[in-house]
Amino acid sequence: MSSPVVNETDDLKLLSLIGFDGRTIHGLKVHPNGLYVLYPLGCKVTVVHWETRKQDFLEGHTNVITALSVSFDGKYVASGQINHMGFKAFVILWDFEKRVALMKHDIHKVRIEALDFSFDSEYLFSLGGRDDGNVVVTHIPTLEPMCGYHATRATAGDALTLKHSNQRSSVFMSGGEGSLRVWHVNPEKRCVRAVDVQLSKVKRNIFCISIDAQDEFAYCGTLTGDILKVALYFPEDTSISEPVRAPNMTVCLGKISRTKKRSTEAERYSLGVRDIIILDMENGERNLVVGAGDGIVELVKENKNHFKDSNRLKSPSYPLLNVLKHASVDSAVTSLQMFHNSDIMVGNEKCEIYLVNLCTFSVHLIVTCHTTCIYDIAFPKDYSEVFATASKDDIRVWHTETSKELLRIRVPNFTCSTVKFAADGKSIISGWNDGCIRAFTPQTGKLMYTIPNAHNKGVTALDLTSDCSTIVSGGGEGQVRVWKISSSVHKLAAILKDHKGPVSDIHISSNNQQAVSASTDGSCIIWDIVRLARLQILFANSLFMACRFNPEGCQVLTAGTDRKIQYWECYDGSLIRDLEGSTAAALNSLDICSDGSFFVTGSNDFLVKVWNYNEGYTTHIGVGHAGIITTVRLSPDSKYLISVSDDGAIFTWKCPFLSSNVEPEPDSSIVCAVGSDKLEITQPISNAAKERIRLRKTASGGLGFGSGDCGKEENIVSLSRTQSACSQHSIDVRDRPPEIESDPGDELKPSSVRSNNVQSRASSGLRSNAIENKSSGLVGPAVPPNSKLLKSAGKTSSDPCVPKNSAGRIPTTVKSETCKGLCAKRQIHRH
């Protein structure tokens, strides 16, 4: 069934979003009704119903969200973003129930640092970043910004955080680098006034502020690792917003040391205090929950007895905090939120969310995701229930509908650049930047075999034949290598050396006779992988990023840095069609549906586009990524479209068209991938082994991912999970399983089959092996040159392409007669 002709470009529907931007300070929010959890990811605010895990999205930002706040009554949500240097940054006020934007202003420059509501939802306070440095007060009933002022003195640094008063709507506090101020809003005069807190000679950088329920004291977490206790001196009459005297610091709190020096020195939190929750107990005592930069979460009690030997202290910090309970979340704490009055929800810099029980302080990992660039996506053959993603240090397997992580395979300090499922479901094949090809079991992630030194400069692309007997791999040095794989031995069959630049993509045709390889040297080559010879070479003034055979195998589709989508004839290598894939950014990835009626592309302008294959126009556009899109993949049943970006986000879109090769199912719920026990993401670590995912036993007897209704299969095996939210298997790359070894005597290394009369038309600039890497802070061995990471001059553009009108579209198909077995060549159409 071909895609219907549409006159306008529609938006792709986002089904789910895997990811959590833990680096956003105070970005994790629990709605006051306790049913929803909100957090930013990219340019969307994700609203998750915690019982059903259903996701809604607040869409309207044009760049990464850097601040988020929820009003005390739950009616409003405010979000702020970052923008390019010299441009305005937006603050959006949302109606939570209707999920619509009520107000949007761009008073701040470049970045929004913090947002907060007054306790009665009368005002919204916003704080600009380093390039702005202003506090703006917005009157919510009129939806208009009312006043603003400089956040800090000229002699102080940048302001970093805001906190509202709990009894006075017009009062709030701000803190930052050497600055701590109490603000008062005058609605009659439409102005705001600040009073500096007297800190004596203590100099601190304030990370977070918490104010008690009576507006009596404020507790301020610092970069030094101690807590400033500030007396606010407000009168008992809550209608009076002016303090009776200037606020000042009463004491600088530190932990009571467990060493012998406890009488003279206070212990401080490593890497600073990042967030504080004040707990007023029924017996009148006050406890604090403190989150630190080293991942420590502690329940502490303030000692009311004043320190007697203050003259003997070696620092301004007084040892007055008794540690009652403690836990660790493995990375810097960025958000602390009370959850159902019995747990604390913790977000950290590793983009993970934990639940810490207040009574036992046991830690439950509930949300996990990639934290760095994702390089590849893979679905099992004819099975859309799960998919795998490749990133730094690990490969992760996800459940498509529930967005649940099922398996994690770790190879520390290395980067997986490409991953594929074997067609028989017995293995997961992956290529790594250390030059090795590794195969793992899909149930446990156990290492099956390793092909060492497969490529000199890392494995950048690979694909497998459907009979699982041949692997075709490409490397950073430009070589394409063919490997013969069997149950007992793997051997090198050929080395093909025609490329002069890194290989960016490889795809094998449906008949297992041909393979096409794309390279950044400006060439795509069609290989005969049976005779190990080159068939056709395709040249363009571009760095090719992606290539795909159409399902019939008669045409090749390519995309690259010239923003072109090109159709090529396999028979003679001629160019059939040339489409403008993007207005200003390079294309990084493409994929074709199983019947060839449409294809999808991902590019540096953060857009996912769906194209009609025959007529060559855009039908749908997906907007929402906040990073360069590295890979897009269609599920085998064409129900889902998965896109990933260099910020670690995974977007699952509803595919607008259904392939004619797949019959629609009456029940859209996926039940065959879930065991008898419902998947519960809130299970503790110790109970994670109870979560099981049913997998189909293949016809050949292998245990792996299969197609069909698993409920009707007699032979079902379970994928057990041994850790919270995933199974993590740390693999030593030096291990060599004894049962499978290479046979050096059987290795064939023929010379290049490239003919002497072929002259490369790629310029020396295109043959360079150095490619700029856009990955998020990769360290260790360099990632092999991967075409999915190339930048373009216009990568920041987010304007969608406007589709051509119906009069300008091609009304007929462009498939050549060679698809029907004829040798006559049709006239070349160029567009």
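Just so it is clear, the structure is predicted and the values come from calculations on it, not from any experiment.

S.K.: Honestly, the overall build of the protein chain in this entry has me stumped. Any pointers?
M.R.: In terms of regular secondary structure, the protein chain is built from zero helices and 59 strands. Counting every position in the protein chain, which comprises 831 residues, the buried fraction comes to 60%. Sequence-distant contacts in the protein chain: of pairs separated by 6 or more residues, those separated by 24 or more amount to 52%.

S.K.: Help me understand the sheet that holds strand S50 (residues 587-592) in this model?
M.R.: Within a beta sheet, neighbouring strands are joined by backbone hydrogen bonds and run either parallel or antiparallel to one another. An order of S1-S53-S52-S51-S50 is seen for the five strands of this open sheet, with the pairing classed as mixed. Each end of this open sheet is capped by a strand with a single partner; those strands are strand S1 (10-11) and S50. Alignment of strand S51 (residues 598-603) against strand S52 (residues 607-612), held across five bridges, turns out to be antiparallel. Each bridged residue has a counterpart across the sheet, and for Thr601 the counterpart in S52 is Lys609.

S.K.: How should the environment of Thr371 be read in this particular structure?
M.R.: Relative to the helices and strands, Thr371 is located in the loop between strand S31 (363-367) and strand S32 (374-378). Aside from chain neighbours lying at most four places away, what touches Thr371 is Arg23, Lys350, Cys351 and Asp647.

S.K.: Just checking my understanding: could you explain the nonpolar core for this structure?
M.R.: Across soluble globular proteins, nonpolar side chains have a tendency to be buried as a group. Within the largest apolar cluster, 24 residues are counted, with the highest numbers of intra-cluster contacts made by Trp50, Met345, Ile353, Phe387 and Ile650. For this core, the secondary-structure elements that each account for two or more residues are strand S4 (36-41), strand S30 (353-357), S31, S32, strand S33 (386-399) and strand S55 (640-645). Apart from the residues within four sequence positions on either side, Ile353 is in contact with Phe20, Leu28, Tyr39, Met345, Val346, His364, Leu365, Ile366 and Val367.

S.K.: Got a minute to help me understand the layout of surface pockets in this structure?
M.R.: Any empty space left between atoms is shown by rolling a water-sized probe over those atoms. The computed volume of the second largest pocket comes to approximately 1400 Å³. Taken together, 46 residues form the lining of the second largest pocket, with Phe72, Lys163, His164, Gln337 and Met338 sitting closest to its centre. Secondary-structure elements contributing two or more residues to the lining of the second largest pocket are strand S3 (29-30), strand S7 (65-70), strand S11 (112-117), strand S15 (159-164), strand S19 (206-211), strand S24 (273-280) and strand S28 (333-339). A per-element tally of the lining of the second largest pocket places S24 first, with six residues. Split by residue class, the lining of the second largest pocket holds 25 nonpolar, 14 polar and seven charged.

S.K.: I would appreciate a short explanation of the packing of aromatic side chains in the present structure.
M.R.: Within a pair of aromatic rings, the relevant descriptors are the distance that separates the centres and the angle that separates the planes. All chains considered together, the criterion is met by 14 aromatic pairs. Their ring planes at 25° and their centres at 4.1 Å tell us that Phe125 and Phe172 sit as a pair that is stacked. Residue Phe125 is located in strand S12 (residues 123-128), and its partner Phe172 is located in strand S16 (residues 171-176); the two are separated by 47 residues in the primary sequence. Phe172 matches Phe125 in its accessibility class, with the two residues each being buried. Taken together, Tyr123, Phe125, Tyr149, Phe172 and Trp183 form an aromatic cluster joined through their ring pairs. The positively charged end of Lys104 is found above the aromatic ring belonging to Phe90, 4.2 Å away from the centroid. The ring of Phe414 carries Arg438 above its face, with NZ or CZ at 5.9 Å from the centroid.

S.K.: I keep staring at the UniProt feature "repeat: WD" (unreviewed entry) in the protein chain and nothing clicks. Help me out?
M.R.: Taking the numbering used here, the UniProt-annotated feature "repeat: WD" (unreviewed entry) corresponds to residues 367-408, 452-487, 496-529, 580-621 and 622-654. In residues 452-487, the share of helix is 0% and the share of strand is 50%. The end C-alpha atoms are 17 Å apart. In this annotation, residues 496-529 is assigned 0% helix and 56% strand; the end-to-end C-alpha distance for the span is 10 Å.

S.K.: Where do I start with the pairing of strand S35 (residues 428-432) in this structure?
M.R.: On any regular strand, side chains alternate: one points to one face of the sheet, the next to the other face. In terms of burial, S35 is largely enclosed, as five of its five residues are buried. Where strand S34 (residues 405-421) and S35 come together, five bridges link them in antiparallel fashion. Each residue of the ladder has a partner; that of Val419, found in S35, is Ser430. Two successive antiparallel strands, S34 and S35, enclose a turn made up of six residues, where Gly425 displays a positive phi of approximately 75°. Across four bridges, the pairing between S35 and strand S36 (residues 437-440) is antiparallel. Paired with Ile428 across the bridge in S36 is Phe440. Linkage of S35 to S36, two consecutive antiparallel strands, is achieved through a turn of four residues, within which Gly435 is found at a positive phi near 90°.

S.K.: Before we go on, may I ask you to explain the pairing of strand S27 (residues 318-328) in this structure?
M.R.: Alignment of strand S22 (residues 248-256) against S27, held across three bridges, turns out to be parallel. Across the sheet, residue Leu253 finds its bridge partner in S27, namely Tyr318. Inspection of the sheet shows strand S26 (residues 296-302) paired to S27 by seven bridges, in the antiparallel sense. If you follow Val300 over to S27, its bridge partner there is Val323.

S.K.: Even after reading the chapter, I still don't get the sheet that holds S31, so can you show me in this structure?
M.R.: Ordered in space as S28-S29-S30-S31, the four strands form an open sheet in which the pairing is antiparallel. Each end of this open sheet is capped by a strand with a single partner; those strands are S28 and S31. Going from strand to strand, the sheet's axes swing by 25° on average, the running direction of each strand aside.

S.K.: Would you explain a nonpolar patch on the surface in this entry?
M.R.: A cluster of nonpolar side chains, namely Val100, Leu102 and Leu143, defines an oily patch on the protein surface of about 190 Å² accessible area. Topologically, Val100 is positioned in strand S10 (residues 100-105). By relative accessible area, which is 36% here, Val100 ends up partly exposed.

S.K.: It is not clear to me how unusual backbone geometry should be interpreted in this structure. Could you clarify?
M.R.: Working note: non-glycine residues mostly have negative phi, and peptide bonds are mostly trans. Non-glycine residue Tyr233 carries a positive phi angle of around 60°. In this structure, Tyr233 sits in the loop between strand S21 (227-231) and S22. Take Tyr233: its relative accessible area is 25%, and that puts it in the partly exposed class. Residue Asn341 is not a glycine yet carries a positive backbone phi of 60°. Note that Asn341 resides in the loop between S28 and strand S29 (343-348).

Criteria and thresholds
Residues numbered from 1 in each chain as written. Predicted model: local features only at pLDDT ≥ 70, side-chain atom pairs only at ≥ 80, totals over all residues. Heavy atoms only, no water. Helix = DSSP H or I, 4+ residues; strand = E, 2+ residues; numbered from the N terminus. Buried < 20%, exposed > 50% of the residue type's maximum accessible area, 1.4 Å probe, protein only. Contact = heavy atoms within 4.5 Å. Pairing = 2+ DSSP bridges. Core = buried A, V, L, I, M, F, W, Y, C linked by side-chain atoms within 4.5 Å. 1 Å grid on protein atoms, 1.4 Å probe; cavity = no way out; pocket = protein on both sides within 12 Å on 5 of 7 lines; lining within 4 Å. Points joined across faces, edges and corners; volume = space filled by probe spheres on them. Nonpolar A, V, L, I, M, F, W, Y, C, P; charged D, E, K, R; others polar. Phe/Tyr/Trp six-rings, centres within 6.5 Å; stacked < 30°, edge-to-face > 60°. Lys NZ or Arg CZ within 6 Å of the ring centre and 35° of its normal. UniProt positions renumbered as here; feature names shortened; annotations may be inferred. Axes fitted to C-alpha atoms, helices over the stretch in contact; angles between N-to-C directions. Patch = residues over 30% accessible without salt bridge, like charges linked within 9 Å, V, L, I, M, F, W, Y side chains within 5 Å. Areas by Shrake-Rupley, 256 points an atom, 1.4 Å probe, with all protein chains shown as cover. Salt bridge = Lys/Arg side-chain N within 4 Å of Asp/Glu carboxyl O.

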